[in-house]
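# Residue-level structure breakdown
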Amino acid sequence: MANERVVVVGAGSISNAWFPPLLAEGVTVAGVVDLNLDNARSQIDKYALGCHASANLSSTLRRTKPDFVLDLTIPAAHCNVTCKALRAGYPVIGEKPMADSMSQARRMVATADKSGKLYMVSQSRRWDANHALTRQIIAGGAIGQVAAMNCDFYIGAHFGGFRDAMPSPLILDMAIHQFDLARYLSGSDPLAVYAKEFNPAGSWYAGAAAASCIFEMTGGVVFTFRGSWCAEGCHTSWNGDWRIIGERGTMLMEKDQPPRGQVVAGSEGFHRPLADVPVPPPSLQFAGMHGSLREMLEYLRTGAKPQTECHDNIKSLAMVFAAIDSAKKGRRVEIRA
Ligand SMILES: NC(=O)c1ccc[n+]([C@@H]2O[C@H](COP(=O)([O-])OP(=O)(O)OC[C@H]3O[C@@H](n4cnc5c(N)ncnc54)[C@H](O)[C@@H]3O)[C@@H](O)[C@H]2O)c1
């Protein structure tokens, strides 16, 4: 069991996905900080944490001296909360998206550098059995070099709350998952994007709740994302439905089913003979937030760098802001982290 102690900042809805793995790992919650003290108190009661609720991060850190800080606040607060914790000398694991602007994200990376403390972003969908299997199959060379990837994401999501008022709810708060997955699955990094962002007729969002984006990636990979958060009926999975096309074959991930694929198995015929791609049994042990928490604990114990450490994760965020910029300018833009 863990000896580590954590201060959790932000006790909103996503904290319900974090307290169970923290408790399962034996991490001691030393304090819960929320500007809305009632939220902090009710989560402390719900999970029988037996710690103090506070609205003041600095004083809580001084009092509790945790091993790390977990930032579960809204995107607009991530930079302030995370930088405060880093400057006070604490490593941070924070919810996606890293920040709600690239300048804030760069400030967070610079603060991690200056303080010498680790900052990792939890991109929970990297720790998903089907995604891990698909990456393993692709990295093993089964379909050859990846040439193109498509992801479709269509959900009618009535949240209420901060997302309804955001300028770019789909791209910033949701598509960050799929953009990061495109990097994770293909092992390629973004170079440029052309995007159209829009708010469809009938939308209940103030900002653009739909988008189509074409990314150019390293290795010649073209990644196309089409999505909407106000598409009623015939929903895709929350991970999106994926088609990944390589030199010799194709992998599909749809409706949260295990990946399946076909590769060329002969050299004659209009359609070449095809064989199913062998899919090994899933090996991922800890899913979602639990998986990213395990990487943070591993870092604290061994120094092993988490895969979504901020210097890497800012490349996924750069895809988000370049797509928004491209949509505003109506042209292709280059992507710089
Ligand atoms: N990984 C996922 O699949 C996933 C799913 C949902 C949400 N999220 C992310 O989790 C984060 C939180 O989302 P949520 O749905 O829990 O939001 P929420 O609005 O339910 O909760 C946010 C909480 O943070 C508090 N807060 C805001 N600013 C603060 C500050 N400066 N200091 C202390 N507390 C502050 C609010 O009072 C609120 O209690 C967002 O970044 C969101 O994108 C991730």
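Residues numbered from 1 in each chain as written. Predicted model: local features only at pLDDT ≥ 70, side-chain atom pairs only at ≥ 80, totals over all residues. Heavy atoms only, no water.

Turning our eyes to something else, we now look at the site of the ligand. If you check the shell around the ligand, you find 27 residues, and the closest are Ile14, Asp34, Asn39, Lys96 and Asp173. Backbone polar atom of Leu35 to a nitrogen atom of the ligand: 3.4 Å apart, as the coordinates give it. One of the backbone nitrogen or oxygen atoms of Thr73 is found 3.5 Å away from an oxygen atom of the ligand. The cavity that encloses the ligand is the largest pocket. Where the shell around the ligand is concerned, the elements lending two or more residues are α4 (75-87), α7 (162-165) and α8 (169-186). By residue number, the principal contributor to the shell around the ligand is α4, which donates 4 residues. (Near = heavy atom within 4 Å. Polar contact = N/O pair within 3.5 Å; in protein donor to acceptor, adjacent residues only side chain to side chain. 1 Å grid on protein atoms, 1.4 Å probe; cavity = no way out; pocket = protein on both sides within 12 Å on 5 of 7 lines; lining within 4 Å. Sits in = over half its atoms within 2 Å of the grid points. Helix = DSSP H or I, 4+ residues; strand = E, 2+ residues; numbered from the N terminus.)

The topology assignment puts Arg332 in the loop between α10 (310-329) and β15 (333-334). The exposure class assigned to Arg332 is partly exposed, which follows from its relative accessible area of 40%. Separated by 127 residues in the primary sequence, Arg332 and Tyr205 have C-alpha atoms spaced 26 Å apart. Not counting residues within four places of it along the chain, the set of residues in contact with Arg332 comprises Ala192, Val193, Tyr194, Glu216 and Ser326. (Buried < 20%, exposed > 50% of the residue type's maximum accessible area, 1.4 Å probe, protein only. Contact = heavy atoms within 4.5 Å.)

Moving on to α8. The end-to-end C-alpha distance of α8, which contains 18 residues, comes to 25 Å, matching closely the 26 Å that a straight helix rising 1.5 Å per residue would cover. Along its length, α8 reaches its greatest deviation from straightness, about 60 degrees, at Ala175. With 18 of its 18 residues buried, α8 lies for the most part within the structure. In the stretch just after α8, Gly187 is the one whose phi turns positive, near 70 degrees. (Expected span 1.5 Å × (residues − 1). Bend = angle between axes of the 7 residues up to and from the residue.)

A word on the domain arrangement of the protein. One can read the domain layout of the protein as domain 1 (5-122) and domain 2 (128-282 + 318-334). Each of domain 1 and domain 2 was reduced to a C-alpha centroid, and the two centroids are 29 Å apart. Each partner contributes to the interface: domain 1 provides 8 residues, whereas domain 2 provides 7 residues. Buried surface at the junction of domain 1 and domain 2, summed over both partners, amounts to about 660 Å²; 79% is from carbon and sulfur atoms. Area buried by domain 1 at its contact with domain 2 is led by Lys96, Pro97 and Met102, which between them contribute 61% of it. With its nearest N and O atoms 3.5 Å apart, the salt bridge here joins Asp173 to Lys96. Viewed at the interface, domain 2 and domain 1 are joined by 1 residue pair in polar contact (both at pLDDT 80 or more). When the residues that make up the side of domain 1 that touches domain 2 are grouped by side-chain class, the tally is 5 nonpolar, 1 polar and 2 charged. (Domains from an automatic or database assignment. Buried area = accessible area lost by both parts, 1.4 Å probe. Salt bridge = Lys/Arg side-chain N within 4 Å of Asp/Glu carboxyl O. Nonpolar A, V, L, I, M, F, W, Y, C, P; charged D, E, K, R; others polar.)

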